[in-house]
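Summary of structural features
As a plain string of letters, each chain reads:
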Amino acid sequence: MKRALITGITGQDGSYLAELLLNKGYKVYGLRRRTSSPLIENIQHMINEIELVEGDLLDQGSLVEIMKKTKPDEVYNLAAQSFVGTSWNQPYLTGQVTGLGVTNVLEAIRSTKPEARFYQASSSEMYGKVMETPQSENTPFHPRSPYGVAKIYGHWITVNYRESFGLYGCSGILFNHESPRRGIEFVTRKVTNSVAKIKCGMAKELRLGNLEAKRDWGFAGDYVEAMWLMLQQDTPDDYIIATGETHTVNEWVEIAFRSVGLNWEDYVVIDPKYIRPAEVDLLLGDSEKAKKKLGWKPSVDFEQLIEMMVQQDLKKVMGER
């Protein structure tokens, strides 16, 4: 039986990845930080099938002990301070966790189980002020947030350990991917949750920032399959995972409201406090390499994704009401 360790298992991607690996017969361990109230909503339905271990990306000793205890064949590093907006308010923390935390995981692998295969969650935010469209694995990075900067460190330190020490390390440069398990602070989920509340008479407006930002949005459940595929190849490499389609925030909003029979213009208010200090205007990924080498392709399209999220939020809001 293969063994996998997932950092950030309680998040959106971690929970979908855990489901995928359990279905493939893996023994799944999940790293989680000690918090005053355990956040396990995303993994509650499989809590008896996975084994949670406590540790922290900033505590090297805890990572070494976890590696010794779990002896994983595969390590997926999905833990990070992952909210772009917060990274301006907490740039130092973001740099430590999202950047240096990757080195701590790699060092723990190198010192205890160097044959383990490692996946690093890189991000399309590394491209920032894009040099070309669409973005490929060879497009230069130009991050526009402390989060993007920290992700570049994590990306390149993975390449460095691969080239310096022969570790099997892959980075997946994932473009925006969403699901009903997305955190409420992210704009996509903020929209679908607000639409559900407005439809149920529990809210009157939705405050947003830049509606013209363009993103390449896919379904998280599709994207975790690509993570697994990367670690099944003969040689480690880095891959872009994206749909190859770009849409504006405005389109996301319009479809979400339309799916419940409402006109978005009656409810959306532009609030300057949600405008970023430096905006990423356009992200569009070229995932040809992943399609050819991994045989990966997305299965859920843009409208299906939005409708799936709105329906789940409607169920949740009705339950709360």
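Above this note sits the structure.
Residues numbered from 1 in each chain as written. Predicted model: local features only at pLDDT ≥ 70, side-chain atom pairs only at ≥ 80, totals over all residues. Heavy atoms only, no water.

**Side note on the overall build of the protein**
To keep things clear, this is the line we draw: The way it works is that DSSP assigns letters per residue, a run of H or I at least four long becomes a helix, a run of E at least two long becomes a strand, and they are numbered from the N terminus. Restricting the calculation to C-alpha atoms gives the radius of gyration, and the globule rule supplies 2.2 Å times the number of residues raised to the power 0.38. In this scheme, a residue with accessible area under 20% of its type's maximum is buried, one over 50% is exposed, and one in between is partly exposed, where area comes from a 1.4 Å probe on protein chains only. Note on contacts: a residue pair qualifies if any of its non-hydrogen atoms lie within 4.5 Å across the two residues. Using a 1.4 Å probe, the Shrake-Rupley method yields the accessible areas, and only the shown protein chains count as cover for residues.
Check the secondary structure of the protein and you find 10 helices and 13 strands. A globule of 321 residues ought to have a C-alpha radius of gyration of about 20 Å, and the protein, at 19 Å, matches this closely. With respect to the principal axes defined by its C-alpha atoms, the protein has extents near 60 × 45 × 40 Å. Counting all 321 residues of the protein, 54% fall into the buried class. Taking all contacts inside the protein whose residues are at least 6 apart in sequence as the whole, residues at least 24 apart take part in 78%. Carbon and sulfur atoms make up 49% of the accessible area of the protein, which totals about 14,200 Å².

**Thoughts on the sheet that holds strand 2 (residues 27–32)**
By way of backbone hydrogen bonds, the strands of a sheet pair with one another, either parallel or antiparallel. Heads up, the rule is: DSSP bridges decide pairing: two strands pair if at least two such bridges lie between them. Note on geometry: axes are C-alpha line fits, over the in-contact stretch for helices, and angles between N-to-C directions span 0 to 180 degrees.
Sheet architecture is open: 7 strands sit in the order 3-2-1-4-5-6-11, paired in parallel fashion. Sheet topology places strand 3 (51–54) and strand 11 (239–241) at the edges, where each strand pairs with a single neighbour. Between one strand axis and the next, the sheet turns through 25° on average, direction left out of account. The sheet contact formed by strand 6 (residues 168–174) and strand 11 spans 3 bridges and is parallel. Each residue of the ladder has a partner; that of Leu-174, found in strand 11, is Ile-241. Across the sheet, helix 1 (residues 12–23) touches strand 1 (3–7), strand 2, strand 4 (74–77) and strand 6, and the angle it forms with strand 1 is around 170°. In the packing of helix 4 (residues 91–112) onto the sheet, contacts are made with strand 4 and strand 5 (117–123), and the angle to strand 5 comes to roughly 170°.

**Some thoughts on the side chain of Glu-178**
In plain terms, the rule: Polar contact criterion, stated in full: a pair of N or O atoms within 3.5 Å, where within protein one must be able to donate a hydrogen and the other to accept it, and residues adjacent in sequence count only if both atoms are side-chain atoms.
Inspection of the secondary structure assignment puts Glu-178 in strand 7 (residues 177–178). Of note is the side chain of Glu-178, whose polar atom sits 2.9 Å from the side chain of Arg-182. In contact with Glu-178, other than residues within four places in its own chain, are Gln-12, Thr-188, Trp-217, Gly-218, Phe-219, Ala-220, Trp-252, Leu-305 and Met-309.

**Let's talk about helix 6 (residues 187–199)**
For clarity, the threshold we go by: For a helix, the expected span equals 1.5 Å multiplied by the residue count minus one.
Taking 1.5 Å per residue, 13 residues should reach 18 Å; helix 6 reaches 18 Å between its end C-alpha atoms and fits that length. Counting buried residues along helix 6, 10 of its 13 residues qualify, which places the element largely inside the surrounding structure. All buried positions along helix 6 are accounted for by Thr-188, Arg-189, Lys-190, Val-191, Thr-192, Asn-193, Ser-194, Val-195, Ala-196 and Ile-198. The secondary structure elements touched by the buried residues of helix 6 are strand 7, strand 8 (206–208), helix 8 (249–258) and helix 10 (302–320).

**Topic: the packing of helix 6 against helix 8**
What counts here: In what follows, roughly perpendicular refers to angles from 65 to 115 degrees, roughly parallel to angles under 35, roughly antiparallel to angles over 145, and oblique to any angle outside these ranges. Should the near helix be turned anticlockwise from the far one by less than a right angle, the crossing is left-handed, and should it be turned clockwise, the crossing is right-handed. Three classes are used: nonpolar for Ala, Val, Leu, Ile, Met, Phe, Trp, Tyr, Cys and Pro, charged for Asp, Glu, Lys and Arg, and polar for all others, with Gly counted as polar.
Relative to each other, helix 6 and helix 8 sit at 25°, their axes nearing to 10 Å. By the criterion of interaxial angle, the relationship of helix 6 to helix 8 is roughly parallel. Crossing of helix 6 against helix 8: the hand is right-handed. Contact with helix 6, carried on its side by Val-187, Thr-188, Val-191, Thr-192, Val-195 and Ile-198, involves Val-249, Trp-252, Val-253, Ala-256 and Phe-257 of helix 8 and no other residues of that element. Tallied by class, the residues present in the contact of helix 6 with helix 8 amount to 9 nonpolar, 2 polar and no charged.

**As for the pattern of salt bridges**
What counts is decided by this rule: What counts as a salt bridge is simple: a side-chain nitrogen of Lys or Arg found within 4 Å of a carboxyl oxygen of Asp or Glu.
In the structure shown here, the tally under the stated rule is 18 salt bridges. The closest approach of N and O atoms between Lys-113 and Asp-73, which form a salt bridge, is 3.7 Å. Separated by 40 residues along the polypeptide, Lys-113 in the loop between helix 4 and strand 5 and Asp-73 in the loop between helix 2 (60–70) and strand 4 bring together distant segments of the chain. Beyond isolated ion pairs, a larger network of salt bridges with shared partners links Lys-27, Glu-51 and Lys-69.

**Digging into the packing of helix 1 against helix 7 (residues 220–230)**
Where helix 1 contacts helix 7, the two axes come as close as 9 Å, and the packing angle between them is 65°. As helix 1 packs across helix 7, the resulting crossing turns out to be right-handed. Between helix 1, through Gln-12, Asp-13, Tyr-16, Leu-17, Leu-20 and Leu-21, and helix 7, the contact on the second element is made entirely by Ala-220, Gly-221, Val-224, Glu-225, Met-227 and Trp-228. Partitioning the contact of helix 1 with helix 7 into residue classes produces 8 nonpolar, 2 polar and 2 charged.

**Examining unusual backbone geometry**
Cis geometry is found at the peptide bond from Thr-133 to Pro-134, where omega equals -5°. Residue placement: Pro-134 occurs in the loop between strand 5 and helix 5 (146–165). One non-glycine residue with positive phi stands out, namely Lys-71, at about 45°.

**Section: the packing of aromatic side chains**
Basically, it comes down to this: Only centres within 6.5 Å qualify two rings of Phe, Tyr or Trp (six-membered ring in Trp) as a pair; their planes then separate them into stacked at under 30 degrees, edge-to-face at over 60, and tilted for everything else. Consider the ring centre and the ring normal. A charge sits over the ring if Lys NZ or Arg CZ is within 6 Å of that centre and within 35 degrees of that normal.
Inspection of the entire model under this criterion finds 11 aromatic pairs. Judged by centre distance (5.9 Å) and plane angle (25°), the rings of Trp-217 and Phe-302 are stacked. With Trp-217 in the loop between strand 9 (214–215) and strand 10 (218–219) and Phe-302 in helix 10, the pair connects residues that are 85 residues apart, well separated along the chain. Under the relative-accessibility criterion, Trp-217 is labelled buried at 4%. Look at Phe-302 and you get buried, because its relative accessible area is 6%. Stacked on the ring of Phe-165, the Lys or Arg Arg-110 has its end atom at 4.0 Å from the ring centre. Over the aromatic face of Phe-186 sits the side chain of Arg-182, whose NZ or CZ is 3.8 Å from the ring centroid.

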